[in-house]
Amino acid sequence: MISYNNMLKYDYLIVGAGLFGSVFAHEATKKGKRCLVIDKRPHKGGNVYCEDVSGINVHKYGAHIFHTNDKAIWEYVNQFTEFNNYINSPISNSKGKLYNLPFNMNTFYQLWGVKTPQEAKTIINKQIQDYGTKQPKNLEEQALSLIGKDIYETLIKDYTEKQWGIKASKLPAFIIKRLPVRYTFDNNYFNDTYQGIPIGGYNTIIEGLLKGVEVKTNVDFFENQDEYIQCANKIVYTGKIDEYYNYQHGKLEYRSLRFETETLQDISNFQGNAVVNYNDKQVPYTRIIEHKHFQFGTQKDTVITREYPEAWSDKKEAYYPINNELNQKRYQKYNALAKSEKHIIFGGRLAEYKYYDMHQIIASALKKITIEFAN
Ligand code: UDP
């Protein structure tokens, strides 16, 4: 336990050393504020943390690929590190056959042997017409009316049901809108202008952000909450918002993941790509990540991670918010409480209960900093 003799020693106590907390701490420190960052994990960086295994940056909490359309955010992260020119182009394995993702001319050729956009459109439009639904109410209907039966059954249905643990017909339609459909031979998974992996890994960004900031790891805010609250003028809280309010409006639900990571000695290239998705239900995991390919590694060994979606419980990491009506209603109640707070700022994926990408978290932190210092 840390004792601060109930003195207001800091301007900000920042709970969580992930991207949101680190950006906030960096900007507040730059403005001359005294910050203390605490994190219950043994390391900084939250879910972008990488572990060095034989010179390979292993993405400990799932693959992170930086991408944004926002030039200001791109320049912001480039202050701390250089990025390589990695472009995410996942391969999909469905019943032993390989396909390119996202859905593009390569995929259509692999599925149907078509060689021109016109031929592909003819097939897809016929399948959409045969299906006939105009106003999709769930993910299954959305996919079938957007891309047709073949792609839905080969590349979407089983993957999605493994990922979320429920029927695609019970999931909200918006999840599938994340996936681009293209009539060009373009395997770039993202539509954004800027993309890459930090050279030296994500830890270099976190180190840069937290340079000169006091950070304590292995520290659980809730173990000494009263004491921590008294040591700073304001709190920036990036943990689960329902936990902060003692679950008084019920628990917010999540989907969790289990990662099985292994080092393959003397195998320099296991799968030839950073990300291979497994899209049928015979394979229990959703993807295998081969970390070295994010950085074009030439080491003699390789490290791979199988990613298994799992039911979430308190003891597991909360990865994906379950965005159904029940959880959104609960979140709105917590958010109303948060809005009435004068001394606490809530931010980040867990405190805002949002399936944020990295660039969105940085944007959110910079926005909150601007509001904070405008007052
Ligand atoms: N998805 C799919 N097949 C794939 C990859 C993704 O059907 O091969 C669907 C799935 O429903 C998933 C959603 O698209 O939940 C978003 O996937 P994305 O890869 O963008 O999410 P990530 O898990 O990487 O954040």
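Above this text is the structure in question.
Residues numbered from 1 in each chain as written. Predicted model: local features only at pLDDT ≥ 70, side-chain atom pairs only at ≥ 80, totals over all residues. Heavy atoms only, no water.

**Q** Where do I start with the overall build of the chain in this structure?
**A** Secondary structure summary: the chain contains 11 helices and 16 strands in total. Relative to a compact globule of 375 residues, whose C-alpha radius of gyration would be 21 Å, the chain shows 22 Å and is just as compact. On the principal axes, the C-alpha backbone points of the chain span a range of 70 × 50 × 35 Å. When burial is assessed residue by residue, the chain has 54% of its 375 residues classed as buried. Considering only intrachain contacts with a sequence separation of at least 6, the fraction spanning at least 24 residues in the chain is 71%. (Helix = DSSP H or I, 4+ residues; strand = E, 2+ residues; numbered from the N terminus. Rg over C-alpha atoms; globule rule 2.2 N^0.38 Å. Buried < 20%, exposed > 50% of the residue type's maximum accessible area, 1.4 Å probe, protein only. Contact = heavy atoms within 4.5 Å.)

**Q** Whenever I open this one, the nonpolar core confuses me. Can you help?
**A** Soluble globular proteins tend to bury their nonpolar side chains together. Judged by nonpolar contacts, the single largest core of 54 residues is most densely connected at Leu13, Ile156, Phe221 and Phe346. Among the elements that take part in this core, helix α6 (residues 149–164) stands out by supplying 5 residues, more than any other. With 43 residues, the next largest nonpolar core counts Cys35, Ala274, Tyr356 and Ala365 among its residues. (Core = buried A, V, L, I, M, F, W, Y, C linked by side-chain atoms within 4.5 Å.)

**Q** Mind showing me how you'd approach the side chain of Asn106 here?
**A** Inspection of the secondary structure puts Asn106 in helix α3 (residues 105–112). What makes Asn106 buried here is its relative accessible area of 19%. Only 2.9 Å separates the side chain of Asn106 from the side chain of Asn187, close enough to count as a polar contact. Setting aside residues no more than four positions away along its own chain, Asn106 makes contact with Asn100, Phe185, Asp186 and Asn187. (Polar contact = N/O pair within 3.5 Å; in protein donor to acceptor, adjacent residues only side chain to side chain.)

**Q** What should I look at first to understand the sheet that holds strand β10 (residues 232–237) in this one?
**A** Strand pairing in a sheet takes place through backbone hydrogen bonds and is either antiparallel or parallel in direction. Strand order in the open sheet made by the 5 strands is β9-β2-β1-β10-β16, with parallel pairing throughout. Of all the strands in the sheet, just β9 (214–216) and β16 (344–346) have a single pairing partner and so form its edges. Shown here is a sheet whose adjacent strand axes are inclined to one another by a mean of 20°, direction ignored. Summarising the sheet, β10 and β16 pair through 3 bridges and their orientation is parallel. Pairing of Val236 across the sheet is with Ile345, part of β16. Sitting on the sheet, helix α1 (residues 19–30) is in contact with β1 (10–15), β2 (35–38), β10 and β16, with an inclination near 165° to β1. (Pairing = 2+ DSSP bridges. Axes fitted to C-alpha atoms, helices over the stretch in contact; angles between N-to-C directions.)

**Q** Help me out: how do you make sense of the packing of helix α2 (residues 71–78) against helix α11 (residues 358–374) in this one?
**A** For any two helices packed against each other, one specifies the crossing angle of their axes together with the interaxial distance. Where α2 contacts α11, the axes come no closer than 10 Å and their chain directions differ by 95°. Regarding the angle of α2 to α11, the classification is roughly perpendicular. On α11, the residues that touch Ile73, Tyr76 and Val77 of α2 are His359, Ile362, Ala363 and Leu366. Broken down by class, the residue content of the contact of α2 with α11 amounts to 6 nonpolar, 1 polar and no charged. (Parallel < 35°, antiparallel > 145°, perpendicular 65-115°, else oblique. Nonpolar A, V, L, I, M, F, W, Y, C, P; charged D, E, K, R; others polar.)

**Q** Got a minute to help me understand the layout of surface pockets in this structure?
**A** In this approach the atoms are scanned with a rolling probe the size of a water molecule, which exposes any empty space left behind. Of the volumes computed, that of the second largest pocket is approximately 420 Å³. Taken together, 18 residues form the lining of the second largest pocket, with Ala338, Ile344, Ile345, Phe346 and Lys368 sitting closest to its centre. For the lining of the second largest pocket, the secondary structure elements donating two or more residues are α10 (325–339), β16 and α11. Of the residues forming the lining of the second largest pocket, the biggest block, 4 residues, is contributed by α10. The residue makeup of the lining of the second largest pocket, split by class, is 8 nonpolar, 2 polar and 8 charged. (1 Å grid on protein atoms, 1.4 Å probe; cavity = no way out; pocket = protein on both sides within 12 Å on 5 of 7 lines; lining within 4 Å. Points joined across faces, edges and corners; volume = space filled by probe spheres on them.)

**Q** Any chance you could explain the packing of aromatic side chains here in plain terms?
**A** The geometry of an aromatic ring pair is captured by two quantities: the separation of the ring centres and the angle between the planes. Taken as a whole and assessed by the stated rule, the structure comprises 31 aromatic pairs. Measuring from ring centre to ring centre gives 5.4 Å for Tyr189 and Phe190, while their planes differ by 80°; the resulting arrangement is edge-to-face. Each residue in the set Phe221, Phe222, Tyr228, Tyr237, Tyr244, Tyr245, Tyr334 and Phe346 is aromatic and connected to the rest through ring pairs, giving one cluster. Here Lys31 stacks its cationic end above the ring of Phe373, 5.5 Å away from the centre of that ring. Above the plane of the ring of Tyr61 lies Arg41, whose end atom (NZ or CZ) is 3.9 Å from the centre. (Phe/Tyr/Trp six-rings, centres within 6.5 Å; stacked < 30°, edge-to-face > 60°. Lys NZ or Arg CZ within 6 Å of the ring centre and 35° of its normal.)

**Q** Hey, could you run me through the sheet that holds strand β14 (residues 302–311) in this one?
**A** Spatial ordering of the open sheet is given by β7-β6-β12-β13-β14-β11-β15, a layout of 7 strands whose pairing is mixed. The sheet is open, and its two edges are formed by β7 (97–100) and β15 (320–321), each paired on a single side. In this sheet, strand β13 (residues 287–290) lies alongside strand β12 (residues 275–278) in antiparallel orientation, the contact comprising 3 bridges. Paired with Val275 across the strands is Ile289, a residue of β13.

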